[in-house]
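# A structural walkthrough
One-letter residues, chain by chain:
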Amino acid sequence: MLRQLGADDSRFRTLTFHPGLNILVADITPGSRDTDSRNGAGKSSMIELLHFLLGERADSSTLAARLELRGIEFTLSLDWPQLTTPLQVKRTGSRPGWVHLNPLPPDTDRGQLELNTGHLRLPEWQRLIERDLFGLPDEHAGISGRSLVSFLIRRTSSNGYNAAVRSHGRQSDADATTNLAYLFGLDWHLADRYRLLKARDTARTQMQKAAQDPLLGRIIGKVADLRSEIALAERRVWDLERQVSEFRVVPQYEHLREQADGLDQQIRQLRARDVVDRRNLQDLEHALQETTDPDVSYLEPVYAELGVLLNDQVRRRFDEVQAFHESVVRNRRRYLDEEAATIRRRLAQSETDRQQLGDQLAATLRTLQEGGALEALTTLQQVLAQQQALLSALRHRYEAAQALEATKREITQARLTLQQEMDRDIEDRRGFVDEATVMFSEFARRLYGPGRTAHLKFEAGDKSLRIDPHIDSDNSVGISSMVIFCFDLTLSVLATRAGRAPGILVHDSHLFDGVDDRQLAAALSLAAEVTAREGLQYIVTLNSDDLDKARRRSFDADEFLLSQRLTDRYDDGGLFGFRF
């Protein structure tokens, strides 16, 4: 139960609540001007402050964060499970990420406390609300304490009065019904699976749009094309892995490579020298063939024919000349033979040297071919890593492309399966469903009599759990509002009985806009009766003229009115005691 809403600003009109029905009235003051309005009296502001103090995340649009209010510390006093005294919650718009609790609820994570101040971080306060006020387990994906609070304390600013099964205008059906399933006692895990399927379907739709884009479509690709690319990439990776596994690091690889280059250079030089030697040998052999003894036998016959008689002295000198010439020829032939022999020996040695150098070069090249330097192995490993990353990316694209082609069928099948499971759960929990249906119908009959058909249906839809509160009408605004009233009252009673809600329900006066006088009086009477019977607290804000309409319909409001009343006086009549 809420006890008190206050502030450390003396101008603020402290509101003290009591069990059962609480009516906060906004009056028209005597002498007020036609330009004055109760729309700024603070009825909706009270609800905004309740949300602020019950863990709402604050931003620049939050009421308490307004420049004129951010320095005020607001306080909410409320009953808390396991505490014998009311819990005081204090929070200010200047430090929205912290709250001050006194006393601390049991099992509060003290690691979330600010040193020396006792302020608690906002997420821990939200966790305490979920655990202690709503009985949520530690893991409750799909359910939010803030959403549960918003169903019990609806806000006009969030369009909370547009539909009974949504707490704010932008809430999805799957999100809303998951939270409602918890409050009504249905299997909220099943209801949450609708939300997960919706998320998958949304992702699939976005991927499908991307795949149709000329640029992004190439990023995702097609299954058949990617399958071929993966096969080729796998082959490249396999080849590189084999090369890495067989790679042998050769010590002093660079030295061996230089040695091989030197051996090859020596072999080339020997071959070039052999060419020159063979050419020289050919020239020597040709010169030997041309080197012969001179023929002087023709001289004597010539001299005799000429009548010249050669004496012994002349003949002796002629013999000496002939011997000299023969000596010269012999010396030349011997020189040429020696040079040719030298060249032949050099060619033979060159052949031997080239054979040895060739063997050494072959051995060195085999060593280099069988292994490599450490730098080469590192480079090879880097290339392998790049190809493995490419293969992994291709596989992810392949999975995405497969998912894009197959997910629609899978989602359709999953929805059908979930719908069947949800149907079974509703049937298994028929007691909860029937109790909610009967209670809603009884509340509607109290407002409109037995002649108006009313029902609360629970049905497993294809995209969400369907909860349909209905009262036969001509689609008037007033009857739509009373559908919300009956629905919220049913929800609060059943959730509080099961320990899944704190027994608090708050409505803004906007709920009763367009409601007939008879239904307004009947709704207030019903709320007073149900809250007294069930031990609930129902807080509602009303304009004084609407309250007068209910009184004229025999509703006695005196015992339910809050002592503090708001007025339309411009300067100091509202909840805050000043205008801003």
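Summary of the structure given here. (Residues numbered from 1 in each chain as written. Predicted model: local features only at pLDDT ≥ 70, side-chain atom pairs only at ≥ 80, totals over all residues. Heavy atoms only, no water.)

### Quick word on the overall build of the chain
What the chain contains, in helices and strands, is 15 helices and 12 strands. A separation of at least 24 residues holds for 70% of the contacts in the chain among residues at least 6 apart in sequence. With an accessible surface of roughly 31100 Å², the chain has 48% of that area assigned to carbon and sulfur atoms. (Helix = DSSP H or I, 4+ residues; strand = E, 2+ residues; numbered from the N terminus. Contact = heavy atoms within 4.5 Å. Areas by Shrake-Rupley, 256 points an atom, 1.4 Å probe, with all protein chains shown as cover.)

### Brief notes about the packing of helix α4 (residues 173-184) against helix α13 (residues 477-497)
Any two packed helices are characterised by how steeply their axes cross, that is the angle between the axes, and by the distance between the axes. Two elements in contact, α4 and α13, have axes separated by 8 Å at closest approach and are oriented at 50°. Relative to α13, the element α4 is oriented oblique. Seen from α4, the contacting residues are L180, L183 and F184; seen from α13, they are F487, T490, L491, L494 and A495. Tallied by class, residues from the contact of α4 with α13 come to 7 nonpolar, 1 polar and no charged. (Axes fitted to C-alpha atoms, helices over the stretch in contact; angles between N-to-C directions. Parallel < 35°, antiparallel > 145°, perpendicular 65-115°, else oblique. Nonpolar A, V, L, I, M, F, W, Y, C, P; charged D, E, K, R; others polar.)

### A closer look at the pairing of strand β6 (residues 98-102)
Two strands pair when backbone bridges link them, and strand β5 (residues 87-92) and β6 are joined in this way by 3 bridges, in the antiparallel orientation. Each residue of the ladder has a partner; that of K90, found in β6, is H100. Counting the residues that bridge the hairpin from β5 to β6 gives 5 residues. As paired elements, β6 and strand β7 (residues 119-121) share 3 bridges and run antiparallel to each other. By the bridge assignment for β7, W98 is matched with R121. (Pairing = 2+ DSSP bridges.)

### A short note on the nonpolar core
In terms of nonpolar packing, the biggest core is built from 123 residues, with I23, W125 and F485 touching the most fellow members. Sort the elements by how many residues they give to this core and α13 lands first, with 12 residues. For I23, the residues in contact, after removing those within four places along its chain, are V540, L542, L547, F555, A557, F560, L561 and L562. In terms of nonpolar packing, the next biggest core, distinct from the first, is built from 10 residues, L226, V237, L391 and L394 among them. (Core = buried A, V, L, I, M, F, W, Y, C linked by side-chain atoms within 4.5 Å. Buried < 20%, exposed > 50% of the residue type's maximum accessible area, 1.4 Å probe, protein only.)

### As for the sheet that holds strand β12 (residues 566-567)
Taken in spatial order, the 4 strands line up as β10-β11-β3-β12 in an open sheet, and their pairing is parallel. Each edge of the open sheet is held by one strand with a lone partner, namely β10 (504-507) and β12. Relative to β12, strand β3 (residues 20-27) runs parallel, the two sharing 2 bridges. For A26, the partnering residue across the bridge sits in β12 and is L566. Helix-sheet contacts for helix α1 (residues 43-53) involve β3, β10, β11 (537-543) and β12, and the interaxial angle to β11 is about 150°.

### As for unusual backbone geometry
Going from N102 to P103, the amide bond is cis rather than trans, its omega being -5°. Note that P103 resides in the loop between β6 and β7. With a phi close to 70°, N116 is a non-glycine residue in the positive phi region. On the secondary structure map, N116 appears in the loop between β6 and β7.

### Some details on the side chain of S147
In this structure, S147 sits in helix α3 (residues 145-152). Note on S147: relative accessible area 11%, which makes it buried. Setting aside its immediate chain neighbours within four residues, S147 contacts S167, Q171, D175 and N179.

### Points about the pattern of salt bridges
One pass over the structure, following the stated rule, counts 29 salt bridges. Across the pair D277 and R346 runs a salt bridge whose closest N-O atoms are separated by 2.8 Å. Linking D277 in helix α8 (residues 253-290) with R346 in helix α10 (residues 312-370), this pair joins segments that are 69 residues apart in sequence. By relative accessible area, D277 is classed as buried at 3%. Given a relative accessible area of 29%, R346 falls into the partly exposed group. Among the ionic pairs, R466 bridges to E459, the shortest N-O distance being 3.9 Å. Residue E459 is classed as partly exposed on the basis of its relative accessible area, which comes to 39%. What emerges from the salt-bridge pattern is a single network uniting E435, R446, R497, E529, R533 and E534. (Salt bridge = Lys/Arg side-chain N within 4 Å of Asp/Glu carboxyl O.)

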